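Descriptive structure summary
Next come the chains, spelled out residue by residue.
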Amino acid sequence: MQRWPVLLFLVWVCFLFFAGIGLFMSGFLLTRIELASSSSCSDPLVPPPWERQSLPPGSCWAPRRFSKAVLVIIDALPPARLPPFIDVGSNFATYAIQEDNLLAQLVQNGRRVVFMGDDTWEGLFPKKFFRSYFFPSFNVKDLHTVDDGILQHLYPTVDSGEWDVLIAHFLGVDHCGHKHGPHHPEMTKKLTQMNEMLRSLVDHLGNDTLLLVAGDHGMTETGDHGGDSEKEVNAALFVYSKTPLFGTGPPEEPEAVPQVNLVPTVALLLGVPIPYSNIGEVMAELFSGDGDAVSAALQQLSVYHINAKQVDRFLHSYSLVAQDLPAEQLQHLQELFSSAVEEHTRLLAQVQGATLVPPELESRLGSLIGRFQLYLREARAVCTQSWARFHPLRMVGGCTLIAASCLLCYVASELAAASDSCYRSCLLYPLLWGLVVAVLLGLARAFTEEGLDLLIVSSWAAAASQLGFFWHWWSRHPKRARLAGSQPPLASVGLGQRLQAWLGLAFPMGILLFRCGAMFSDSFVVAEARVAPFLLASLVMLLVGKLHWDGRLTAPEGPKQQLLGFSSYRREIWYLLCLVAMLLVCVRLSSFFHQCREEIPQCRPSLFLSPLASLRNTRAKNLFYLLCVALLAGLVYAVRSWLRHYGNLNSSDPLVLFVRWGFPLVVLCIACYWAVASSADDSLGKLQELVQVAVVAFPWAVYGLASVGLLLLLCNPMTVFAKDTRESAGSIVTPYLGVPSSEVDFLHVIPQIYKRMQESQKSHLEQGSCKATVAAYGLGSVYSAALVIALTLLGFLLMLLHSERLSLAFLLLFLEAFMLLHIHTRAKGLAGDAEPFSVPWYAVISWLLAASQFFYSTGHQPIFPAIHWNAAFVGFHLDHSTNLLPAVLVGANTFASHILFAVGCPLLLLWPFVCEIPSSQKRKPKKEPREELQEIEEHMMEMRLRESPEKFSAALLQLGLKYLFVLGTQLLACVCAAMILRRHLMVWKVFAPKFLFESLGFVVSSICLLLGISLVMRVDCAVSTWFSQLQLR
């Protein structure tokens, strides 16, 4: 077998797709140019409207109203009865913010900023705090560490007076929503705690202190956030001071206050400059003062004037370095600003000259304030609409790379089927082309002293290697055509057979193209959880219909043939139909494990998604627990029974011993973890400490056992038991010892001797010498056994990362995959496929449709609020020291079905050989026992693959390319939809998240596909070594 060329070819194809994805992302994800400028007190924005009066000490641009401020952020605080503000964006980055911001202005102007709470602020604003108390924030299961830490320092810090601005970021409410939901009793406790905190905090505040209480976002009915539904982007805002905020009574509450409006408001209230890049609007009601209506209006007008002048300066500076703001709209904004400033100048002159009576003055002041408001709001609207800075050239380039990669996969898969070793020459030239282009670009960048953009270099190298492949393929096209024409079987294919072959390809490709075309519909993407199972069931039913149309389901003609073959043939048909029926049942049952999107308001999420700890009924909790453990044990029993049936549990190798004893131990650890995790909140005292230790220890035991099992599988994947015997000359098989004790012994645990060894042994027999015969148990399923063991271990790990009741969904996943493999095998046998080394397209497409189906049936959706963040803390009590490990755990949880189906993809090639129908089952005249055993030896199951190592290599390559083609076609549809509909109303709500999840799913699937094929090659290497050692005996 040519192992390295196949792997390198597939790795190269994956690189082509990765380059296309990266290039498209760099042009699709929105960016905004950051300005390095910052505001300062000396900026000559406007003279104060009060005639040449100097500002009070500690004030910039406007007299400060408060000397101190306390900002309390209660994460995920819902709006309730308080005025909400709209969360216009979320920042999950941990890089330091370099652009001018409110904290930088406070520090720059000598204010002492004290922070306590969420440690994310440490990465965003390093070295900005006078004093800080950071607490780990990523563990969403921890409701109290951050809040209790803040309460420990909050009141002493406030009483000390050694601060000017104090920020306290509480996380308990948010974590409680993630863990229990918004209606759980724990949420009531948390909100009560926050209420008591605010009540006590108010008593500690001075008269010159401003208190702001805000939530950074809301939450859905399930306690999640990250989307743009009203419940997620609306949060509470409460402003309080012991000094009256409003001179003439509280103003009318606005419908919503954009979050960006807090920045200029707090800055001017505290007497510091507004940050340079601010586009928010001051909340002018807080600047009314304690005078009459005219005085209040003049104060509001002054801050609006300052705010408008600052926004105009920013727009002017930004338009000089970027071209993404439309010139027409900038001109319109400039006209609005100029007219408002002119009116402001005239009005101030008339106020100074006392030429206006109060009623007229109040009216003109209100009109001018409205004009400034209009300018500020239109400026913000222009910026938010225009900062969708797409890069069309990169988007088109990425889309082209992905499309060319899909075409390359299809062409290369056909080449692999036509020639056994073409992929070696087809790989060499493209790699050389790509390497030359990468070197040339690198040298050009080096000589021009420009920064080396690895993404651009990789993209050009990928494009050059693709051109090299297609050039090489096209130059070989006439030769390939002559070779194809010289083959009599292909030349003699009639029109009817060609039409039948095209129809066989049209059905699965039609399903695939329909799914890809529907990606352009937001309604389809929203409802894909129901459409994917329907497409899978439709494809299977079309397969059965095609077999019937081709006459493969009818009994053979002729009375004698019908008498001899009717019962066997009819049994095959009914077996296939039973498999299809069971598959449809699995598809239907999988719909019970669904997550909801907020676009479907009538949808209710499945009860199986919540952990057992959320159940209040103890009896129901216990019943579900016993059911989950029983199903987990049933999975282990089924896997061990399958391995035992094919003779892969007879040896005493470490891997076989691990399957015998390690699998039950893993199940025991998972069951113990589920038990302690479901009752962790009910334990008290010292028992609570013991439970906390167990919640960490049992997952680590599972991680350790699974790692040991995978390591044993990698080191020695052979599950074959070889038995040497001595016998007299004249026999080339194990002596016949009578009727076998079981069908297993008769069919599968038989002496399976490789033909080369048989020839060698026969030559020894001709010389009259004694020979050693080998009874090889499990050799016929050695490849599949390794994959089944690997999939079981991965299944254990992935089930551990999900809630307990989702183990039912994983059981359906394994059962449905088993049904698909048997349907594929039976359909291939009934169709009389003359290409045993080729996996048909319908099998690959149905396999990937099942992967998409179980992405949804394990409680996921292609939206950020549906991510199971709890998976990052399975086996971890405290916060992580790095983001890599939690990212891996959350990614494994999210793409569990992609991982399992990609690693198990080689089974599509191996399973028909494993399920090879032995000739002994067919009705034939009775033969001597020695002749029967010799005939049975001819059915070597997976050892047939080793008869043609070049075809085996080409078959693995063709299967991998077909898998990548289907994945790439789906990805291409999402990329095109995101690019074409980038100005669509639902782009950031539907199409962009779908593209991101599809891209990540492609990366995970392609890597796992390489791992699955690598495992098959590792087994093949071990089998070769085993045969070599056997021949030396």
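Calculation rules
Residues numbered from 1 in each chain as written. Predicted model: local features only at pLDDT ≥ 70, side-chain atom pairs only at ≥ 80, totals over all residues. Heavy atoms only, no water. 1 Å grid on protein atoms, 1.4 Å probe; cavity = no way out; pocket = protein on both sides within 12 Å on 5 of 7 lines; lining within 4 Å. Points joined across faces, edges and corners; volume = space filled by probe spheres on them. Helix = DSSP H or I, 4+ residues; strand = E, 2+ residues; numbered from the N terminus. Nonpolar A, V, L, I, M, F, W, Y, C, P; charged D, E, K, R; others polar. Salt bridge = Lys/Arg side-chain N within 4 Å of Asp/Glu carboxyl O. Phe/Tyr/Trp six-rings, centres within 6.5 Å; stacked < 30°, edge-to-face > 60°. Buried < 20%, exposed > 50% of the residue type's maximum accessible area, 1.4 Å probe, protein only. Patch = residues over 30% accessible without salt bridge, like charges linked within 9 Å, V, L, I, M, F, W, Y side chains within 5 Å. Areas by Shrake-Rupley, 256 points an atom, 1.4 Å probe, with all protein chains shown as cover. Contact = heavy atoms within 4.5 Å. Disulfide = S-S within 2.5 Å. Pairing = 2+ DSSP bridges. pLDDT = per-residue confidence, 0-100. Core = buried A, V, L, I, M, F, W, Y, C linked by side-chain atoms within 4.5 Å. Axes fitted to C-alpha atoms, helices over the stretch in contact; angles between N-to-C directions. Parallel < 35°, antiparallel > 145°, perpendicular 65-115°, else oblique. Left-handed = near helix turned anticlockwise from the far one by under 90°.

This part covers empty space enclosed by the protein. Taken as a whole, this structure holds 4 cavities of 30 Å³ or more when the rule is applied. Quantified by volume, the largest cavity comes out at close to 180 Å³. Every residue lining the largest cavity is counted, 18 residues in all, and those nearest its centre are Arg515, Ser852, His898, Lys994 and Glu998. Mapped by element, the contributors of at least two residues to the lining of the largest cavity are α28 (841–857), α34 (949–980) and α35 (987–1031). Top contributing element to the lining of the largest cavity by residue count: α35, with 6 residues. For the lining of the largest cavity, a count of residues per class yields 9 nonpolar, 5 polar and 4 charged. In this structure, the second largest cavity occupies an estimated 80 Å³ of space. What lines the second largest cavity is simply Leu539, Val540, Leu543, Leu820, Ile823, His824, Tyr842, Ala843, Ser846, Trp847 and Leu908. Top element by residues in the lining of the second largest cavity is α28. It accounts for 4 residues.

What follows covers the pattern of salt bridges. With the rule as written, the count across this model stands at 11 salt bridges. Each of Arg515, Glu528, Lys994 and Glu998 takes part in salt bridges that share partners, so that together they form one network.

The subject of this paragraph is the packing of aromatic side chains. Within this structure, the stated rule accounts for 39 aromatic pairs. Aromatic pair Trp12 and Phe469: ring centres 6.1 Å apart, planes at 50°, arrangement tilted. Within this pair, whereas Trp12 is found in helix α1 (residues 3–28), its partner Phe469 is found in helix α14 (residues 454–475), the two being separated by 457 residues in sequence. A relative accessible area of 5% places Trp12 in the buried class. Taking relative accessible area as the criterion, Phe469 reaches 1% and is therefore assigned buried. Through pairs of rings, three or more aromatic residues link up here, namely Phe115, Trp121, Phe125, Phe129 and Phe134.

On the surface, Leu435, Val436, Val439, Leu440 and Leu443 cluster together into a nonpolar patch covering about 460 Å² of accessible area. Structurally, Leu443 is set in helix α13 (residues 422–447). Note on Leu443: relative accessible area 42%, which makes it partly exposed.

Relative to the assigned elements, Leu103 resides in helix α2 (residues 102–108). The class of Leu103 is buried, set by a relative accessible area of 9%. Taking the C-alpha atoms as reference, Leu103 lies 8.6 Å from Phe129; in sequence the two are 26 residues apart. Each residue touching Leu103, except ones within four places of it in the same chain, is listed here: Trp121, Phe125, Phe129 and Ile167.

The subject of this paragraph is the state of the cysteines. Tallied over the full model, the rule gives 2 disulfides. In this model Cys41 forms its disulfide with Cys60; the gap between the sulfur atoms is 1.5 Å. A torsion of 75° about the S-S bond marks the disulfide between Cys41 and Cys60 as right-handed. A residue pair is termed long-range when its members are at least 10 positions apart, and Cys41 in the loop between α1 and β1 (68–74) and Cys60 in the loop between α1 and β1 qualify at 19 residues. Note on cysteine connectivity: Cys596 is disulfide-linked to Cys603, with sulfurs 2.0 Å apart. Residues Cys596 and Cys603 share a disulfide whose torsion about the S-S bond is about -65°; that sign makes it left-handed. Cys596 gets classed as buried once you look at its relative accessible area, which sits at 15%. When the bonded cysteines of the chain are numbered from the N-terminus onward, they pair as 1-2, 3-4.

Burial within β1 is extensive, with 6 of its 7 residues counted as buried. Across 6 bridges, the pairing between β1 and strand β6 (residues 209–214) is parallel. Bridge pairing in β6 places Ala69 opposite Leu210. In this sheet, strand β5 (residues 165–170) lies alongside β1 in parallel orientation, the contact comprising 6 bridges. Bridge pairing links Ile74 to Phe170 in β5.

Before going further, it helps to spend a moment on the confidence of the model for the chain. Residue-level pLDDT values for the chain average 79, and 79% of them are 70 or greater. Ranking the elements of the chain by mean pLDDT puts strand β2 (residues 84–86) last with 29 and helix α30 (residues 896–903) first with 96. Within the model, the stretch residues 78–94 combines pLDDT values under 50 with 43 contacts to residues more than four positions away or in other chains. When the criterion is pLDDT under 50, residues 726–758 qualifies, and its contacts beyond four places in sequence or with other chains add up to 78 contacts.

This next bit is on the nonpolar core. The biggest cluster of nonpolar side chains holds 202 residues, and the ones touching the most others in it are Phe796 and Tyr963. Broken down by element, this core gets its largest block of residues, 20 residues, from α34. Excluding residues that lie within four positions of it along the chain, Tyr963 makes contacts with Val844, Trp847, Leu848, Phe901, Ala902, Cys905 and Leu1009. Counting 70 residues, the second-largest nonpolar core is a separate cluster that includes Ala69, Phe115, Leu262 and Phe337.

Here we come to the packing of helix α27 (residues 807–830) against helix α31 (residues 907–914). Put simply, α27 and α31 touch, their axes get as near as 9 Å, and they point 60° apart. Considering the angle they form, α27 stands oblique to α31. Viewed along their axes, α27 and α31 form a crossing whose handedness is right-handed. The segment α27 lies against α31, with Phe818, Leu821, His822, His824, Thr825 and Lys828 engaging Leu907, Leu908, Trp911 and Pro912.

The next point concerns unusual backbone geometry. Trans is the prevailing form of peptide bonds, just as negative phi is the prevailing case for residues other than glycine. Backbone geometry places Trp61, a non-glycine residue, at a positive phi of 70°. With respect to the helices, strands and loops of the structure, Trp61 is situated in the loop between α1 and β1. In this structure, Lys127 takes a positive phi of about 60° despite not being glycine. Inspection of the secondary structure assignment puts Lys127 in the loop between α3 (120–124) and β4 (131–135). By relative accessible area, which is 86% here, Lys127 ends up exposed.

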